[in-house]
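# Summary of the model geometry
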Amino acid sequence: MKIQIVEVGPRDGLQNEKEMVSTSAKIQLIDKLAAAGLKRVEATSFVNPRWIPQLADAEDVLKGIERQNKVTHSALVPNLRGMERARESGLTEVALFMSASETHNLKNINKSIEDTFPVLRQVAREALALGMRVRGYVSTVFGCPYEGNVPIDNSRRVTNELLEMGVFEVSLGDTIGVATPKQVREVMEKIVKDTTSDRLAGHFHDTRGTGLANVLAALDTGIRTFDSSIGGLGGCPYAPGAAGNISTEDLVYMLNGMEYETGVDLNLLLDAGAFIQQELGRELPSKVLKAHLAAQTASSSHSNQEDGA
Ligand SMILES: CC(C)(COP(=O)([O-])OP(=O)([O-])OC[C@H]1O[C@@H](n2cnc3c(N)ncnc32)[C@H](O)[C@@H]1OP(=O)([O-])[O-])[C@@H](O)C(=O)NCCC(=O)NCCSC(=O)C[C@@](C)(O)CC(=O)[O-]
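Please read all numbers here as calculations on a predicted model, not as lab measurements.

## Focus on the overall build of the protein
Looking only at helices and strands, the protein has 12 helices and eight strands in total. In terms of overall dimensions, the protein is globule-like: its C-alpha atoms have a radius of gyration of 19 Å, near the 19 Å expected for 309 residues. Dimensions of the protein, computed from C-alpha atoms along their principal axes, come out at roughly 70 × 45 × 35 Å. A buried classification covers 54% of the 309 residues belonging to the protein.

## Quick notes on the packing of aromatic side chains
If you walk through the whole model with that rule in mind, you get one aromatic pair. Note on F142 and F204: the rings are 6.1 Å apart at their centroids and 45 degrees apart in plane angle, and the pair reads as tilted. Within this pair, whereas F142 is found in the loop between β5 (133-139) and α7 (152-165), its partner F204 is found in strand β7 (residues 200-204), the two being separated by 62 residues in sequence. By the burial criterion, F142 is buried, and F204 matches it. The residue whose ring lies beneath K107 is Y146, and the NZ or CZ to ring-centre distance is 5.1 Å. For R133, the ring lying beneath its charged end belongs to F168, and the centroid distance is 3.9 Å.

## Observations concerning the pattern of salt bridges
Counted according to the given criterion, the structure contains 19 salt bridges. A salt bridge links D60 to K63; its shortest N-O distance comes to 3.9 Å. Of this pair, D60 and K63 both sit in helix α3 (residues 58-64), three residues apart, roughly one helical turn. Here D60 falls in the partly exposed class, since its relative accessible area comes to 42%. Accessibility expressed as a relative area gives 68% for K63, which makes it exposed. We note a salt bridge from E283 to K290, for which the minimum N-O separation is 3.7 Å. Among the ionic contacts, a cluster of salt bridges with common partners joins R40, E93, R133, R135, E169 and D227.

## A word on helix α9 (residues 211-220)
Residues of α9 that are buried include every one of G211, N214, V215, A217, A218 and L219, and no others. If you follow the buried residues of α9, they end up packed against β6 (169-174), α8 (181-194), β7, β8 (225-228) and α10 (248-257).

## Structural notes on the nonpolar core
L96, L162, F204, F226 and I276 are the most contacted members of the largest nonpolar core, which has 88 residues in total. Dropping the residues within four chain positions of it, L162 is found in contact with L96, L120, G136, Y137, V138, V167 and V170.

## Description of the site of the ligand
As a structural note, the neighbourhood of the ligand is formed by 26 residues, with N48, N79, N110, S139 and T175 the closest of them. Separating an oxygen atom of the ligand from a side-chain N or O atom of N110 is a distance of 2.7 Å. Computed on the free molecule, the ligand has an accessible area of 1,100 Å², of which 76% lies beneath the protein chains in the complex. For the shell around the ligand, the elements supplying multiple residues, two or more each, are α1 (9-13), α4 (80-88), α5 (102-109) and β5. The leading source of residues in the shell around the ligand is α4, at three residues.

## With respect to the pairing of strand β1 (residues 4-7)
Consecutive residues of a regular strand have side chains that alternate between opposite faces of the sheet. Here β1 runs beside β8; their pairing, made up of four bridges, is parallel. Counterpart to V6 in the pairing with β8 is D227.

## With respect to the side chain of T140
On the secondary structure map, T140 appears in the loop between β5 and α7. Taking relative accessible area as the criterion, T140 reaches 0% and is therefore assigned buried. A distance of 3.3 Å separates a polar side-chain atom of T140 from the backbone nitrogen of A100. Among all residues touching T140, those that are not within four sequence positions of it are S99, A100, S101, H104, P145, V150, G173 and T175.

## Comments concerning the packing of α7 against α8
Relative orientation and spacing of two packed helices are given, respectively, by the angle between their axes and the distance between those axes. For the pair α7 and α8, the least separation of the axes is 10 Å and the interaxial angle reads 35 degrees. Regarding α7 and α8, the two cross each other, and that crossing is right-handed. Only V187, K190, I191 and D194 of α8 make contact with α7, whose side of the interface consists of I152, S155, R156, T159 and N160.

## Let's talk about unusual backbone geometry
Positive phi is not limited to glycine here, since N110 has a value of about 65 degrees. Among the structural elements, N110 can be located in the loop between α5 and α6 (113-129). Exposure remark for N110: the relative accessible area of 53% places this residue in the exposed category. In the Ramachandran plot, E259 falls in the positive-phi region, its phi being about 65 degrees despite a non-glycine side chain. Along the polypeptide, E259 turns up in the loop between α10 and α11 (266-280). Assessed through its relative accessible area of 68%, E259 is described here as exposed.

Rules used in this analysis
Residues numbered from 1 in each chain as written. Predicted model: local features only at pLDDT ≥ 70, side-chain atom pairs only at ≥ 80, totals over all residues. Heavy atoms only, no water. Helix = DSSP H or I, 4+ residues; strand = E, 2+ residues; numbered from the N terminus. Rg over C-alpha atoms; globule rule 2.2 N^0.38 Å. Buried < 20%, exposed > 50% of the residue type's maximum accessible area, 1.4 Å probe, protein only. Phe/Tyr/Trp six-rings, centres within 6.5 Å; stacked < 30°, edge-to-face > 60°. Lys NZ or Arg CZ within 6 Å of the ring centre and 35° of its normal. Salt bridge = Lys/Arg side-chain N within 4 Å of Asp/Glu carboxyl O. Contact = heavy atoms within 4.5 Å. Core = buried A, V, L, I, M, F, W, Y, C linked by side-chain atoms within 4.5 Å. Near = heavy atom within 4 Å. Polar contact = N/O pair within 3.5 Å; in protein donor to acceptor, adjacent residues only side chain to side chain. Areas by Shrake-Rupley, 256 points an atom, 1.4 Å probe, with all protein chains shown as cover. Pairing = 2+ DSSP bridges. Axes fitted to C-alpha atoms, helices over the stretch in contact; angles between N-to-C directions. Left-handed = near helix turned anticlockwise from the far one by under 90°.

If you want it as structure tokens, here you go:
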């Protein structure tokens, strides 16, 4: 069975990095992710650069990457100004985003939920008229850093509004990584009933170590598209304490082992993980990356011993 992976590391992952990552490293990372077989890569964000300085180089990143027919690169777009920038960059897919909880929406995009709908509707209309595909995100579906529990009906309402705007898929976000598999099953089952599972995706952060278990629960509800981040990079700058997304290496390792088809070459993916780890100069959370690098170190010290023997 095929699973689609949406690689969000260059956007969701890097947006939270305090030290500036060079444009050239971002470009190399995105190209390595595509070379590993990822067909959908969220490359950057056309948000207000004052809010997310790390992604202020969105135009230059998109100018530098290798564009290929078989890979769709996308970017977050919060408003018409962002849409104009996305159009000028020649993107074929954009992603709208908002939250299921009022306070997170306000902190993240400076508007109430009600005031966000008309803005995103205009963006969707314009993107669709230009022939672009439009994705949607709903954040804080499983809990809000400011409000705690979020009623399922809030997430259903925002999801349905986005679908009515014409988005082809809504990614349901566990922004602060509080969900457990039982909750994922309950929430996803309800939302799937409003639409179809092929129009939904799971976006899990691994703050409390339940990320991959949540993927398994979502698979049970028919979801076949998952967002993940190389190395397990990430967090939301407007969700205090949020840790990274589930790592793409860990997700691919698990899914490949369960005989799902991801189309991703794990070895090339690990090269991409090792590359960005080196660029950032610190160990990243991905367990499969850690195991791979430890095995490499062990085998090179073993062969050095043999050479010396
Ligand atoms: C929504 C806004 C833009 C409102 O920001 P605002 O400050 O309220 O915007 P404004 O309309 O009042 O404009 C203020 C200034 O910003 C400029 N501006 C306005 N928009 C843009 C733009 N697009 N590109 C470039 N410039 C822009 C605009 O031109 C103006 O410039 P000035 O006249 O002062 O010189 C702001 O709040 C924002 O950028 N928020 C984004 C925050 C963000 O990126 N958060 C992280 C992503 S969401 C996330 O991580 C969750 C997710 C998706 O991964 C899923 C999950 O885990 O749950």
